[in-house]
Structures are given as C-alpha cells and as structure tokens.
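The lines below spell out each chain.
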Amino acid sequence: MVAIEVDGLTKSYGDVVAVDDLSVAVEDGEIFGLLGPNGAGKSTLINVLCTLLPPTAGTARVAGHDVQTAGDDVRSSIGVVFQEPALDEELTGEENLTFHGRLYGMGGSTLHDRIDEVLDLVDLADRRDERVGGYSGGMARRLELARGLLHRPEVLFLDEPTVGLDARTRRDTREYVRRLNEETGTTVVLTTHYMDEADALCDRVAIVDEGEIVALDAPEALKSSLGGDVVSLAVEGSAAPLRARLDAAPWASEYTTTDSGLRVTIERGDAHVADLVRLADDEGVSISGIDVRKPNLETVFLSLTGATLAEREADAPTDADVGTGSSPQTDAAGAPAEAGTSGGER
Ligand SMILES: Nc1ncnc2c1ncn2[C@@H]1O[C@H](COP(=O)(O)OP(=O)(O)OP(=O)(O)O)[C@@H](O)[C@H]1O
C-alpha cells in the first residue's frame, strides 16, 4: 500500500517557490529520505504533508487522507519530530509522554502501556522519572522519537532528526530510527542534509534541489548510476597521451581533466586501477598519486546539479536558516567533491 501520494504539489511563499510541481509516492513501511541542501524545500514539503501549511497547488494524501479536505484524519495518522526540540524541560520523560498522550485522547492503562512500550523502544525506561532538562541531547532526541510514536501513527515524519547532535549520538539516533521502523513497521519520512545519514538509513532517497526531486532511488542504485568508482590520478607533466587510451578502454566510462591530472570513472575501480597504471606507463605518463573513491551521494548530487551541497547552501536565501541550528554539510561520507570539474569530456 502507498503511505503517501503527492501529485503536482507546489508551495510558494510570495515569489519564492519552495516546492515546485513535485510528485512522489512513499510505500508503506519504508524509511524514505528527502535529501538536499538547506533551502531545498524539504521542510516546506513536510509541513504541507503534516497539514501545517496549505499547498499552493496540487494534492497530497497521507495514510489515504487528503491533507486539505481531511486534515484531522491526517493528523491522527502521523507523528512528527521537528528540527527544533519541543519537550518541556521542567517535566520528566514520562510526564512529557503523558501530556502528549492526553492531547491525543489517550488515558488509563492504554496510555500507561504505550508509554512503557515506547520508552523501552528508545532505551529510556530507567530514566523516565528524571527531568528532561537533565537529559543529554541524544536522550532528548530519543524521547521525541518515543513521543512521536506514542499514538501508533502510520507515518512518522522526522525533520533533520540528527541535526545539532555529535557524531556518536547521530549514529545512535539513526539506530533507534531503524529499530522503531523494524519493530513497529511505521513508515518513516525524514529530511536530512547529511549524505551519510541518507545513505546509511534510508530504503529510498529523493534528492531534492530547488523544490524539485532530481533523482529518486535506493542509495545503492543512485550511487551505481554514476557508472563506477572515481579514480583521481596526479601526474607529472601532461596527461594528454593517456586520454586517447582511455577513450578506447571499455572499463573507463568518463574522465575529467583536473589541476593535478585526470579524474576517471572506472567500473570496479579496485579491479582496473592496475590497467590504468599500465596504460599510463605505456604512454610515458608518470603518476605521482592515485586516489580511488567509491561513489557516494555527494558525488551523485554533484553530477545531477553541477554543485556540491555546501555550494547550494551558500547560494540559498538565508531566511529559512535563521534559528534552525543547521550547519552546512561538513561530514559527508567520503570525498569533498570538487566544484567545476564534474561532467565527462568523453
Ligand atoms: N516562511 C517563509 N517565508 C518565506 N520564505 C520561506 C519561508 N519558509 C521557507 N522559505 C523559503 O523556501 C525555500 C525552502 O525552504 P525550506 O525551509 O523548505 O527548505 P529546507 O530544504 O527544509 O531547508 P532547511 O533544512 O534549512 O529548513 C527557501 O528558499 C526558504 O528561504
């Protein structure tokens, strides 16, 4: 079954088109990632799906309910964890959950049992009586995940679930997201601007740029769409004689001249690096350095948009960034992509 269906959705703020004629379907039970730089339109899309913002055009259905005509049904079918923490620090973990449960009309033993269940799921059962003001950032995030699940929503929205957390806590939080998806079967839709997060956590990833989805697939499929590993060669002198040989090499799908030599996309780079060195040797091209990189979602984004995420964020209007606590992409898995050298010469 389909958990979310979005058809031709547009959301504008005055002249700013934040979501631009976007269509997508999310399957029941999957962890679905919206990956893109700050300002790409991810939060706006989530806010429309959560009925916090009306669309400018198009339709969206969540758990079978139209966001415009059946807002109450949508709201009772979803859980949301926003970028900004929204817990009462004066209350204990359990009191926060009790308060939330009552808002959803729960009470008595049902609420008590659900609280036990979700606290177990995020390993906070033994900290339930402590004030949330004394929790670490990771514990507070876990409590928010627990709260989002308390009324057993069909779809859980997580807006930048690990932003502002240290690397270890980010990893742990991801593990909890995965666990809750596996153990409860809840569909999870998350936004992130962390490439490694989308890669490690999501069944499918939609890469969002300037309000549009520019690619959508499983992370592995997105990466393999690049055609291979990226091998950077530093050479002494000119790499020109090697370029002619690469044209004839069936395992080299694309190459680009760089300041230090050549960057070549090679099918199974580890297997063909020796062939590359042999070709260079044949042509008298002296190699001073080799770097083999598996493709990652950063290189996918670069090849699709011609810019790195960090560059896109630098270009984006800043009004949405104020107070979000978001930081530019600093820990993408693998290579910092080089600007201006994408695209093959082949
Ligand atoms: N309330 C608003 N009024 C005007 N423009 C807005 C508003 N909210 C967002 N925008 C603009 O809409 C575009 C999309 O912003 P949005 O917050 O949805 O992006 P995002 O990908 O979620 O980034 P972030 O993670 O920083 O929130 C940006 O250009 C942003 O400046």
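Residues numbered from 1 in each chain as written. Predicted model: local features only at pLDDT ≥ 70, side-chain atom pairs only at ≥ 80, totals over all residues.

Peer 1: Please explain the overall build of the chain as it appears in this structure.
Peer 2: Counting its secondary structure elements, the chain contains twelve helices and 14 strands. Burial analysis of the chain (346 residues in total) assigns 41% to the buried set. Taking all contacts inside the chain whose residues are at least 6 apart in sequence as the whole, residues at least 24 apart take part in 71%. (Helix = DSSP H or I, 4+ residues; strand = E, 2+ residues; numbered from the N terminus. Buried ≥ 20, exposed ≤ 12 C-beta atoms within 10 Å, placed from the backbone. Contact = placed C-beta atoms within 7 Å.)

Peer 1: Just to check I follow, could you spell out the environment of G39 for this structure?
Peer 2: Positionally, G39 belongs in the loop between strand 3 (31-35) and helix 1 (42-49). Under the C-beta neighbour-count criterion, G39 is labelled buried, with 24 such atoms within 10 Å. Considered as a pair, G39 and V230 are 191 residues apart in the sequence and their alpha carbons are 29 Å apart.

Peer 1: How should the sheet that holds strand 3 be read in this particular structure?
Peer 2: Strand pairing in a sheet relies on backbone hydrogen bonds, with the paired strands running either antiparallel or parallel. The strand order 6-7-8-3-9-10 describes an open sheet built from six strands, whose pairing is mixed. The sheet is open, and its two edges are formed by strand 6 (78-81) and strand 10 (212-217), each paired on a single side. Strand-to-strand, the axes of this sheet are offset by a mean angle of 15°, without reference to chain direction. As defined by bridge partners, strand 3 adjoins strand 8 (residues 187-192) across five bridges and the pair is classed as parallel. Across the sheet, the residue bridging to G33 is L190, located in strand 8. Set on the sheet, helix 11 (residues 297-305) makes contact with strand 3, strand 9 (204-209) and strand 10; between it and strand 9 the angle comes to about 45°. (Pairing = 2+ DSSP bridges. Axes fitted to C-alpha atoms, helices over the stretch in contact; angles between N-to-C directions.)

Peer 1: Would you take a moment to explain the confidence of the model for the chain for this structure?
Peer 2: As a note on interpretation, predicted positions should not be read in detail where pLDDT is low. With 91% of its residues at a pLDDT of at least 70, the chain reaches an overall mean of 86. In the predicted structure, residues 319-346 sits below a pLDDT of 50 and forms 57 contacts with residues beyond four places in sequence or in another chain. Reported confidence for the predicted complex is 0.96 by ipTM and 0.80 by pTM. (pLDDT = per-residue confidence, 0-100.)

Peer 1: I tried to follow the UniProt feature "domain: ABC transporter" (unreviewed entry) in the chain on my own but got confused; where do I start?
Peer 2: Under the UniProt annotation, "domain: ABC transporter" (unreviewed entry) lies at residues 4-235. End C-alpha to end C-alpha, residues 4-235 measures 51 Å, and it is 36% helix and 30% strand. (UniProt positions renumbered as here; feature names shortened; annotations may be inferred.)

Peer 1: What is the right way to read the pairing of strand 4 (residues 57-62) from this model?
Peer 2: Every regular strand shows the same layout, with side chains that alternate between the two sheet faces. Bridging between strand 1 (residues 2-13) and strand 4 involves five bridges; their strand directions are antiparallel. Of the residues in strand 4, the one forming a bridge with E5 is R61. Sheet topology note: the strand 4/strand 5 (residues 65-66) ladder contains two bridges and is antiparallel. Bridge pairing in strand 5 places V62 opposite H65.

Peer 1: In this structure, what is going on with the packing of helix 3 (residues 93-103) against helix 4 (residues 108-121)? I would like to understand it.
Peer 2: Helix-helix packing: each pair is described by the crossing angle between the helix axes and the interaxial distance. With their axes 10 Å apart at the nearest point, helix 3 and helix 4 run at an angle of 130° to one another. Between helix 3 and helix 4, the interaxial angle falls into the category oblique. Between helix 3 and helix 4 the crossing geometry is right-handed. Counted together, E94, L97, T98 and G101 of helix 3 and L111, R114, I115 and V118 of helix 4 form the full contact between these two elements. Here the residues of the contact of helix 3 with helix 4 are counted per class, giving four nonpolar, two polar and two charged. (Parallel < 35°, antiparallel > 145°, perpendicular 65-115°, else oblique. Left-handed = near helix turned anticlockwise from the far one by under 90°. Nonpolar A, V, L, I, M, F, W, Y, C, P; charged D, E, K, R; others polar.)

Peer 1: Looking at this model, I keep getting lost on the sheet that holds strand 12 (residues 252-257). Mind explaining?
Peer 2: Taken together, the four strands give an open sheet; going across it, the order is 12-13-11-14, and neighbouring strands pair in antiparallel fashion. The outermost strands of the open sheet, each flanked by one partner alone, are strand 12 and strand 14 (286-293). Adjacent strand axes in the sheet meet at a mean angle of 20° when their direction is disregarded. Strand direction decides the pairing type here: strand 12 and strand 13 (residues 261-266), joined by five bridges, are antiparallel. Along strand 13, the bridge assignment pairs A252 with I266. On the sheet, helix 10 (residues 269-282) packs against strand 11 (229-236), strand 13 and strand 14 and is oriented at approximately 165° with respect to strand 14.

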